[in-house]
Amino acid sequence: MGKKKKNRRKATVLPIRQGKKISGHTLSVCLITKNESGRIDKAIRSALPFADEVVVVDTGSTDDTVEIAKKLGAKIGYFEWCDDFSAARNASLDMATGDWIMWLDADDYVPSTEWPKLIKTKRMPPNQGLMVRLKNEGWAKESCWQLRLFPNNPKIRFIYPVHEQIAPSLKNLNMPMNFSDITIIHTGYEDSETVAKKRAKNLQILKRYLEQHPYDAPCRFNLGFTYLALGIYDQAILEFTKIIESQNMRNRKSLTYFKALLYLGRAYLHLGLAEKALQVLREAYLINSSEPLLRVSLAITYNSLERPQKALKLLDGLDSWINTPSPLPVDLEALQNEAKYHTAIAFEKLGNLQKAVDICCKALQSKGFDEYKDYLGYLVREICKTQNGLGIIAKLAR
C-alpha cells in the first residue's frame, strides 16, 4: 500500500490573468510558499506574461500569501509541511496542467528581458529538460545552472527532502537536459544571518534523511557542503571522504564524486593542508579540467606549495574559461578576482614583482578587489627595496 497522503485540502482553482495567448504548447509555473507575503506578488507577476497557469501550493502560511496569490489568479493548493521540499513541490506538479512545467521559488523573479525567451521556449516540443542560469541577488552573489523547465510527465518528480532534484527523473527516462539562455533571479539570500539560519535548518533535515538512507551519496554531499559553508571543516571532510571511499560509489566520474573531491580539497585548503588538497584536486582535474572553481582551487594549492609555474599554467587564458557553464554555485566576479590575485602571487614568487603589481593595479579597477589593496602595498614596498625600484614605480604610475 502507498503511504497515506498528508492532510491536503482540495485545491481552489481560479482563472489565470495572463498575457496574450500564444499558440502552441502551454506552460505551468509552479511554486511552493509559506509566509511569503512580501515576495509572492513579484514572483507571480514576473511569470504572468509567459505562463498559461500559475500553481501555488501553500505549506502553512499565517500571513496574506494565499490571498495575494488568489488575487493574481493563481491556482491554489494546500500541503501540510513535513520537512520535505520534494513532497511539497511534487504536490504542485500534481496540480499542473501545462505541457511544460517551470518551477520557481517564492523569492525568485523572472526579469522582463527573459519573457520573450520563455514564450519562444514553450512553443518547443516538451521533450527535454532545460537548465537556466540562476543568479543570486543580495548578500550572496553566486550563480549556477539549475534544471528549471521540463515536460509535464507523471514520471518526472522531485527527490530529496532538501536541495531537491528533478534531474534523476529525467535521467531515468533517458530524456536530454540542455542549457538555455534564460536567467532567473533569486533574492532569498539577503544577509549572512538569513543564509546561516537556512543552512542550519537544512543541516538537520539532511542528517535525519541520511539516518534512513546512509548510502545516498548526493544527499551526503549536500550535508558535507552545508558543513563546509558553515565553516565546520572537520565534519565536511568526514562526509566528503565517506563518499569517495564508499564501495557504492561505482561511477568514479559521476558529478557527485567530482564535487566531493573538489570540495574536500577546498576544505583541506581552509585548514592549511595543501598536500592533502593537491592529492584530491588532481584527481578531480582528471575528471573535469574545465571547471573554473577547480582550476582556481588547484592554482591556490600550487602557490601554497611554492610551485607558481603550475599555478600560472592553470590560470592562463582566464577570460576564455572563467564563464564555463557550471552546476556549482559560484560568485563569478569573486572567483575572477581570486584568480587574478593568485596570478599576481605566482608572479611574485617567480620574482616578477612588476608583473604582479601590474595585475593588481588593473584588478583594483574591478568591484570587489579592494581587499587586496594591502597586498599591493606590500608589493610596492618590496619593489622599492630593489635597485631599480623607484624607476619601476614611476613607470607603473604612468
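It should be noted that the structure appears before, not after, this text.
Predicted model only: the values in this text are computed from it and were never measured. (Residues numbered from 1 in each chain as written. Predicted model: local features only at pLDDT ≥ 70, side-chain atom pairs only at ≥ 80, totals over all residues. Heavy atoms only, no water.)

*Asks:* Can you explain the sheet that holds strand E7 (residues 143-151)? Please cite residues and give values.
*Replies:* If you trace the eight strands from one edge of the open sheet to the other, you get E3-E2-E1-E4-E7-E6-E8-E5, paired in mixed fashion. Edge positions in the sheet fall to strand E3 (75-78) and strand E5 (108-109), since each has one partner strand and no second. By the bridge criterion, six bridges tie strand E6 (residues 129-136) to E7 in an arrangement that is antiparallel. Its bridge partner lying in E7, Arg133 is registered against Trp145. (Pairing = 2+ DSSP bridges. Helix = DSSP H or I, 4+ residues; strand = E, 2+ residues; numbered from the N terminus.)

*Asks:* If you had to explain the packing of aromatic side chains to someone new, which residues and values would you point to?
*Replies:* For the coordinates displayed, the defined rule picks out 11 aromatic pairs. When the centroid spacing of 5.2 Å and the interplanar angle of 85° are considered together, the rings of Tyr341 and Tyr375 count as edge-to-face. Separated by 34 residues along the polypeptide, Tyr341 in helix H14 (residues 332-349) and Tyr375 in helix H16 (residues 373-384) bring together distant segments of the chain. For the pair Tyr341 and Tyr375, a shared accessibility class is recorded, and that class is buried. By way of ring pairs, the aromatic residues Phe221, Phe225, Phe240 and Tyr263 are connected into one cluster. Cation over ring: Lys42 sits above Tyr109, and NZ or CZ is 3.9 Å from the ring centre. (Phe/Tyr/Trp six-rings, centres within 6.5 Å; stacked < 30°, edge-to-face > 60°. Buried < 20%, exposed > 50% of the residue type's maximum accessible area, 1.4 Å probe, protein only. Lys NZ or Arg CZ within 6 Å of the ring centre and 35° of its normal.)

*Asks:* Tell me about the pattern of salt bridges, and name the residues and values.
*Replies:* In total, this model carries 14 salt bridges according to the counting rule given. Put simply, Arg39 and Glu36 hold a salt bridge, and the shortest N to O gap is 3.1 Å. Accessibility expressed as a relative area gives 15% for Glu36, which makes it buried. Here Lys198 and Asp107 are joined by a salt bridge, their closest N and O atoms 3.7 Å apart. Of this pair, Lys198 sits in helix H6 (residues 192-212) while Asp107 is found in the loop between strand E4 (100-103) and E5, placing the two residues 91 residues apart along the sequence. On the accessibility criterion, Asp107 (7% relative accessible area) is buried. In this structure, a network of salt bridges that share partners links the residues Arg89, Asp105 and Glu164. (Salt bridge = Lys/Arg side-chain N within 4 Å of Asp/Glu carboxyl O.)

*Asks:* Account for H14, with residues named and values stated.
*Replies:* Over its 18 residues, H14 runs 26 Å from end to end, which matches the ideal 26 Å to within 8%, given 1.5 Å per residue. Taken as a whole, H14 has its buried residues at Leu335, Asn337, Ala339, Tyr341, His342, Thr343, Ala344, Ile345, Ala346 and Phe347. Elements in contact with the buried residues of H14: helix H11 (292-304), helix H12 (308-315), helix H13 (318-321), helix H15 (353-363) and H16. Of the residues flanking the end of H14, it is Gly351, one or two places downstream, whose phi is positive at about 90°. (Expected span 1.5 Å × (residues − 1). Contact = heavy atoms within 4.5 Å.)

*Asks:* Which residues make up the pairing of strand E2 (residues 53-58), and what values do they have?
*Replies:* Taking burial as the measure, the six residues of E2 include six buried ones, the bulk of the element. Pairing between strand E1 (residues 27-33) and E2: six bridges, direction parallel. Of the residues in E2, the one forming a bridge with Cys30 is Val55. As a crossover connection, the stretch from E1 through helix H1 (residues 40-45) into E2 is right-handed. Examined bridge by bridge, E2 and E3 share four bridges and lie parallel to one another. Paired with Asp58 across the bridge in E3 is Tyr78. Considered for its hand, the β-α-β crossover made up of E2, helix H2 (residues 65-71) and E3 is right-handed. (Right-handed = clockwise from strand over helix to strand, strands pointing away.)

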